[in-house]
Amino acid sequence: MKAVVLAAGRGNRLKPLTDRLPKPLVPYLNHPLLEWVLDSLKKNGVQEFFVNTFTQGEKVEEFLKTRREPVTFVREEVLRGTGGGVKNFQPFLQGEEAFVVANADSLLTTPWRRSWETFLRSNAWMMMLLVDARRGYSLLSTDGTGKILFDPQGAFRGYTFTGISFWRPLLFDFLPEGPSDLGPTLFRNPRAHGKILGSPCSGPWIEFTDPLRYLSHHVHAARRAPKSFFRPGLHLSVADPGAKVEEGCRIERSVLWDGSTVEGGSFLNRCILLPGAHVRPGERFEGSIILEDRREPLPTL
């Protein structure tokens, strides 16, 4: 099994977390999100990866070079969109029966191998893995046979696309040579209607749309497994081993990156500390993103 991983996005909505790191390398539970994504795909049977890069592409590529499995990457000179990102790898995938396409900035932890096998037995051109509708995301619906409805009238349930899909190589014919996105080039093409399936999945789906959602995913993880992230002074928080946390501080619902420092006698609640951030004795911050040279408010819904 082979997979295209789309890692070229700018990550603008996640700023300032992406000022110095590309979004796929932003840490989730102290490891780059892209590491989680590749490991999850590998557990489901993917043996070879094809990755496009763009924003801070050299950093993504250096990370990819540390992987043991075969990885081919292409750095785009112009951002090519979701369709163009997949089109990059047509020469490598044209002869495959099917292949996987996944976003590098979202993680589905549910096993999906059965959905893949169902797709291979079908005559569908694409299968999209779905979760129950989430606030702030585009809504998709299916009919009683699992086909994606592009006219939602009569649909019985709403879903959100997880960013993982299965493709037949014939879909390359729908994609132009230049930049393109899947909405206008494929989903709105009448020829594709009835040929795209949706497969609902259960379990956690993690997507860092903005800093607030990034923080929330960490708090939920710390709540589910408090012993895994325990450090004195931390409550429902995650701190990288390279973060310096002194005795006598109180840290609530926060994330501390490698290279950050919190001195004793300080208090944090709902904060994200980036490398170089330094909280001194007696300081109290709530709802903040703390950088080496400044502090920004944490966005609200």
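Everything below is about the structure shown above.
These remarks concern the structure in this document. (Residues numbered from 1 in each chain as written. Predicted model: local features only at pLDDT ≥ 70, side-chain atom pairs only at ≥ 80, totals over all residues. Heavy atoms only, no water.)

### Some remarks on the pattern of salt bridges
For the record, the criterion: Basic side-chain nitrogens of Lys or Arg form a salt bridge, by our definition, when they fall within 4 Å of a carboxyl oxygen of Asp or Glu.
Evaluation of the coordinates by the stated rule reveals 20 salt bridges. Between Arg294 and Asp293 there is a salt bridge, with the nearest N and O atoms lying 3.3 Å from each other. Here the salt bridges do not stand alone but share partners, grouping Lys15, Asp19, Asp293, Arg294 and Glu296 into one network.

### Some remarks on the nonpolar core
The condition that has to hold: What we call a nonpolar core is a set of buried Ala, Val, Leu, Ile, Met, Phe, Trp, Tyr and Cys residues that are connected through their side-chain atoms within 4.5 Å. Relative accessibility thresholds used throughout: buried, under 20% of the residue-type maximum; exposed, over 50%; partly exposed, between the two (1.4 Å probe, protein chains only). Helix and strand assignments come from DSSP, with helices taken as H or I runs of at least 4 residues and strands as E runs of at least 2, each series counted from the N terminus. The contact criterion used throughout is that any non-hydrogen atoms of two residues lie within 4.5 Å.
Membership of the largest hydrophobic core comes to 56 residues, with the highest contact counts inside it found for Leu41 and Trp112. With six residues, helix α7 (residues 211-224) is the largest single contributor of residues to this core. When neighbours within four sequence positions are excluded, Leu41 is seen to be in contact with Ala3, Val5, Val46, Phe49, Val100, Ala102 and Trp112. Judged by nonpolar contacts, the second largest core, of 25 residues, contains Leu93, Leu171, Leu175 and Ala192.

### A look at the side chain of Glu76
To keep it simple, the criterion reads: Pairs of N or O atoms within 3.5 Å make up the polar contacts considered here, provided that, within protein, one atom can donate a hydrogen while the other can accept it, and that residues adjacent in sequence are counted only when both atoms are side-chain atoms.
By the element assignment, Glu76 lies in the loop between β5 (71-75) and α3 (81-87). Looking at Glu76, its side chain comes within polar contact range of the main-chain nitrogen of Arg80, at 2.9 Å. The residues touching Glu76, leaving out its near neighbours within four places in the chain, are Ala8, Asn52, Thr53, Phe54, Gly84, Gly85 and Asn88.

### Things to note about the pairing of β5
The test is simple: Strands are labelled as partners when DSSP assigns at least two bridges between them. Crossover handedness is defined by viewing with both strands directed away from the observer: a clockwise path from the first strand over the helix to the second marks the crossover as right-handed.
Of the strand pairs in this sheet, strand β4 (residues 48-53) and β5 are connected by five bridges, and their pairing is parallel. From the neighbouring strand, Val51 faces β5, where its bridge partner is Phe73. For the crossover from β4 across helix α2 (residues 57-64) to β5, the handedness is right-handed.

### A short note on the environment of Asp293
Of note, Asp293 is situated in the loop between β22 (284-290) and β23 (295-297). Asp293 gets classed as exposed once you look at its relative accessible area, which sits at 58%. On a C-alpha basis, the gap between Asp293 and Ala277 in space is 7.5 Å, while along the polypeptide they are 16 residues apart. Within the structure, Asp293 has its side chain in polar contact with the side chain of Arg294 (distance 3.3 Å).

### Focus: the layout of surface pockets
Short version of the rule: Only protein atoms enter the 1 Å grid used here. Points where a 1.4 Å probe fits but cannot escape make up a cavity, open sets with protein on both sides within 12 Å along at least five of seven lines make up a pocket, and a residue lines them when an atom lies within 4 Å of a point. Grid points are joined across faces, edges and corners, and a volume is the space filled by probe spheres set on the points. Residues are grouped as follows: Ala, Val, Leu, Ile, Met, Phe, Trp, Tyr, Cys and Pro are nonpolar; Asp, Glu, Lys and Arg are charged; every other residue, Gly included, is polar.
Each pocket or cavity is described by its volume, and for the largest pocket that value is around 1,200 Å³. Those elements that place two or more of their residues in the lining of the largest pocket are β1 (2-7), α3, β6 (99-103), β11 (158-167), α6 (182-187) and β13 (205-207). Residue contributions to the lining of the largest pocket peak at six residues, all from β11. Its residues assigned to classes, the lining of the largest pocket shows 19 nonpolar, 16 polar and eight charged.

### A word on the environment of Pro184
Here Pro184 is to be found in helix α6. Sequence separation of Pro184 and Gly276 is 92 residues, and the distance between their C-alpha atoms is 43 Å.

### Some thoughts on the sheet that holds strand β16 (residues 244-245)
The strand order across the open sheet built from three strands is β16-β19-β21, with neighbouring strands paired in parallel fashion. On the outer flanks of this sheet lie β16 and β21 (278-279), each paired with one strand and no other. Direction of pairing for β16 relative to strand β19 (residues 261-262): parallel, over a ladder of two bridges. Counted as the bridge partner of Val245 is Val262 from β19.

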